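Architecture at a glance
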Amino acid sequence: MARKIRLQFYDKTYTIEYANRIEVKEYFTQLSKIKNDGKIENGIKSLVILLKAGLVKHHKSEMPSDEEIERWATSIPNAELFYETLMEMVQEVVSVIDGDTKNLKWEVEEA
């Protein structure tokens, strides 16, 4: 789960890494609300959500604006491969969370 992507846009370099479980779950929930009906706008919205989730760990205090991230999303070469790579990275985090859920148990004890 240590896979990172370095994204360079003009004179800045950003690190995309999915490490914060809470942030990933929240963004993943937003992502699943977007219906994948093939519209370009939804594809860009999905990509923006994935990018924002990946930027949180390293750039929370200097998060690029949504407009800037949209510029990236519309400019990324091999956008489909990039999107698939981000989805794989997010899925790794979600799988770890699911694994923890299966191994975590609780019960109420009667006094």
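Above this text sits the structure in question.
Residues numbered from 1 in each chain as written. Predicted model: local features only at pLDDT ≥ 70, side-chain atom pairs only at ≥ 80, totals over all residues. Heavy atoms only, no water.

1. A closer look at the side chain of Ser 46
Tracing the sequence through the fold places Ser 46 in helix α2 (residues 40–59). Residue contacts for Ser 46: discarding those within four places in its chain leaves Leu 31, Ile 34 and Tyr 83. (Helix = DSSP H or I, 4+ residues; strand = E, 2+ residues; numbered from the N terminus. Contact = heavy atoms within 4.5 Å.)

2. Re the pattern of salt bridges
By the definition in use, this model includes five salt bridges. Among the ionic pairs, Glu 92 bridges to Arg 3, the shortest N-O distance being 2.8 Å. You can see Glu 92 sitting in helix α4 (residues 79–102) and its partner Arg 3 sitting in the segment before β1 (5–9), a full 89 residues away along the chain. We classify Glu 92 as partly exposed; its relative accessible area is 30%. (Salt bridge = Lys/Arg side-chain N within 4 Å of Asp/Glu carboxyl O. Buried < 20%, exposed > 50% of the residue type's maximum accessible area, 1.4 Å probe, protein only.)

3. Section: helix α1 (residues 21–33)
Taking 1.5 Å per residue as the helical rise, α1 with its 13 residues ought to reach 18 Å, and the 18 Å between its terminal C-alpha atoms agrees with that figure. Turning to α1, its buried residues number three or more, namely Glu 23, Val 24, Tyr 27 and Leu 31. The buried residues of α1 occupy an angular sector of 95 degrees when the element is viewed end-on, so they sit on one face. Exposed side chains of α1 directed beyond 90 degrees from the buried face belong to Ile 22, Ser 32 and Lys 33. (Expected span 1.5 Å × (residues − 1). Arc of directions from axis to C-beta.)

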